[in-house]
Amino acid sequence: MVTFVELAPEGGRPDDEQLRGWRIRTPVWLTRAPYLALGVVIVGAVLAGDSTSFVRSAVQPIAAAPPGPTAGFVYADPGPCPLTVSCKLRPQARIDLWASYNHLFPDTQTIGSSLWYAPATDTVYQQQLDAFGASGYTIILTQQRISGSVIPFGPTRDRSFRRPHYVLVSARRGPWLVTAALYPSRGTRLPITAALTWVATSPLPG
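Residues numbered from 1 in each chain as written. Predicted model: local features only at pLDDT ≥ 70, side-chain atom pairs only at ≥ 80, totals over all residues. Heavy atoms only, no water.

Caption draft 1: Representation of the pairing of strand β2 (residues 108-118) in the model. With three bridges connecting them, strand β1 (residues 88-90) and β2 associate as antiparallel partners. Note that in β2 the partner of K88 across the bridge is Y117. Pairing geometry for β2 and strand β3 (residues 123-133), over ten bridges, is antiparallel. By the bridge assignment, Q109 is partnered in β3 with F132. Linking β2 to β3, which pair antiparallel, is a turn of four residues; within it D122 sits at a positive phi near 55 degrees. (Pairing = 2+ DSSP bridges. Helix = DSSP H or I, 4+ residues; strand = E, 2+ residues; numbered from the N terminus.)

Dropping the structure here:
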């Protein structure tokens, strides 16, 4: 439907006396037109699935600060060997690791051990030994060769707050990160003193 509105000339006409003295008020919805238009734009953007771009244009994202390194988790390589090195797995760690383990953890029983090395150079990159104590706790001893700059530390002790709860004893010795992870069972005491000694003094592969 089209509505025609006739505009009177300035000063009026002789036949419009009845309009004189009356103030024509502006409708309330016209005073709020800019806000209504903005609301229509926002609703239209949401319905069109473009609300993300609308918000991003108004608010700039805040970059999160990089997390600080934790002593026991400074790994330069994601696996037992660098990505550029071809490694093989042996089902048993070297005898010197076994000797240091038997000396410091006499009341435990081994579950197994492993060794990762590069056959081309006979370089050891990781060896690990798993054991459990008579009261049910578990020990994982690991020697990991890591690349990058040498940042010596330790021995240190860290405790996890997520399940499964465990204590991580660690030390950086040259290119080696030496760790002892202790997983407790209910109501048991962990051999933390022995773990601190092992990460600080256990013989390392050449």
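On we go from here.
Caption draft 2: Quick peek at the state of the cysteines. Using the criterion set out here, one finds one disulfide in the structure. Put simply, C81 and C87 are joined by a disulfide, and their sulfur atoms are 2.1 Å apart. Torsion about the S-S bond of the C81 and C87 cystine: about -110 degrees, corresponding to left-handed handedness. (Disulfide = S-S within 2.5 Å.)

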